[in-house]
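Residue-level structural notes
Chain by chain, the residues run as shown.
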Amino acid sequence: MGAGPDLLQAREGRNIFTGSASFTLANRLERIVFAAVWLLLARWTPPPLHAWRAVLLRVFGARIGAGARIYGSAAIWLPRNLDIAEEAVIGPRVRLYAMGRIAVGRRAVISQGAHLCGGTHDTSDPSFQLVTRPIEVGELAWICAEAFVGPGVRIGEGAVLGARGVAMRSLAPWMIHAGNPAREVRARATSRPPR
């Protein structure tokens, strides 16, 4: 079996892991400052202080709708890439890996331990350069406990991704999806709550 091009580069003494930095120094400093502020002023706060945590996120560029509830144990990578609509819930221990834009629709729920990952790496590039893709969670959608939503995925309006489900492709509106990879299970009732 022949050696692949990456292995040949390594044998020739070239460092194949010297790709350019994915983020600027300013971006990295912004994330460090935000992480320190979140740790000191938000992470330990009691659950009812959602408004205070929303203020901190807005200071760092997040767009947070009225009545949104964000728990202090949520891990947020870069607030300015977040767009969280009115009355949406970001539950305890949620990870919003917002390398690219993550938009959460009105009254959508992201349950405890769920992970939304807005970036991946180019596997055809020997230096595995970062690629960001936006995530959109539709209005009234529900990402259940410990589920994973991958880069570039759109969760349709009213869709449900079951506990520990993995969505690497967009999910149809008003359908319940479960498993790894997530598959349609059945339709969800489409009665919408009043505005």
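Structure's up top.
Throughout what follows, the structure given in this document is the object of discussion. (Residues numbered from 1 in each chain as written. Predicted model: local features only at pLDDT ≥ 70, side-chain atom pairs only at ≥ 80, totals over all residues. Heavy atoms only, no water.)

**So, the pattern of salt bridges**
Enumeration over the complete set of coordinates arrives at 6 salt bridges. The salt bridge partner of Arg154 is Glu136, with a shortest N-O separation of 3.5 Å. Placement of Arg154 in strand S15 (residues 154-155) and of Glu136 in strand S12 (residues 135-137) is noted, with a sequence separation of 18 residues between them. Classification of Arg154 by relative accessible area gives partly exposed; the value is 34%. Judged by its relative accessible area of 35%, Glu136 falls in the partly exposed class. Glu146 is the salt-bridge partner of Arg164, the closest N and O atoms lying 2.5 Å from each other. In this pair, Arg164 is assigned in the loop between strand S16 (160-161) and strand S17 (166-167) and Glu146 in the loop between strand S13 (142-143) and strand S14 (148-149), connecting sequence segments 18 residues apart. (Salt bridge = Lys/Arg side-chain N within 4 Å of Asp/Glu carboxyl O. Helix = DSSP H or I, 4+ residues; strand = E, 2+ residues; numbered from the N terminus. Buried < 20%, exposed > 50% of the residue type's maximum accessible area, 1.4 Å probe, protein only.)

**With respect to the sheet that holds strand S2 (residues 69-70)**
Read across the sheet, 7 strands follow the order S2-S5-S8-S13-S16-S18-S19 without closing on themselves; strand pairing throughout is mixed. If you trace the sheet from one side to the other, it starts and ends with S2 and strand S19 (183-187), each paired once. (Pairing = 2+ DSSP bridges.)

**A few points about the nonpolar core**
Judged by nonpolar contacts, the single largest core of 38 residues is most densely connected at Ile84, Ile90, Ile110, Val137, Ile143 and Ile155. No other element matches the 3 residues that helix H3 (residues 50-59) contributes to this core. The residues touching Ile110, leaving out its near neighbours within four places in the chain, are Val89, Ile90, Gly91, Val94, Val104, Leu116, Val137 and Ile143. (Core = buried A, V, L, I, M, F, W, Y, C linked by side-chain atoms within 4.5 Å. Contact = heavy atoms within 4.5 Å.)

**As for the side chain of Arg53**
With respect to the element layout, Arg53 can be found in helix H3. Separated by 3.0 Å, the side chain of Arg53 and the backbone oxygen of Pro46 make a polar contact. Ignoring sequence-local partners within four residues, the contact set of Arg53 consists of Trp38, Ala42, Thr45, Pro46, Pro47, Ile70, Tyr71 and Gly72. (Polar contact = N/O pair within 3.5 Å; in protein donor to acceptor, adjacent residues only side chain to side chain.)

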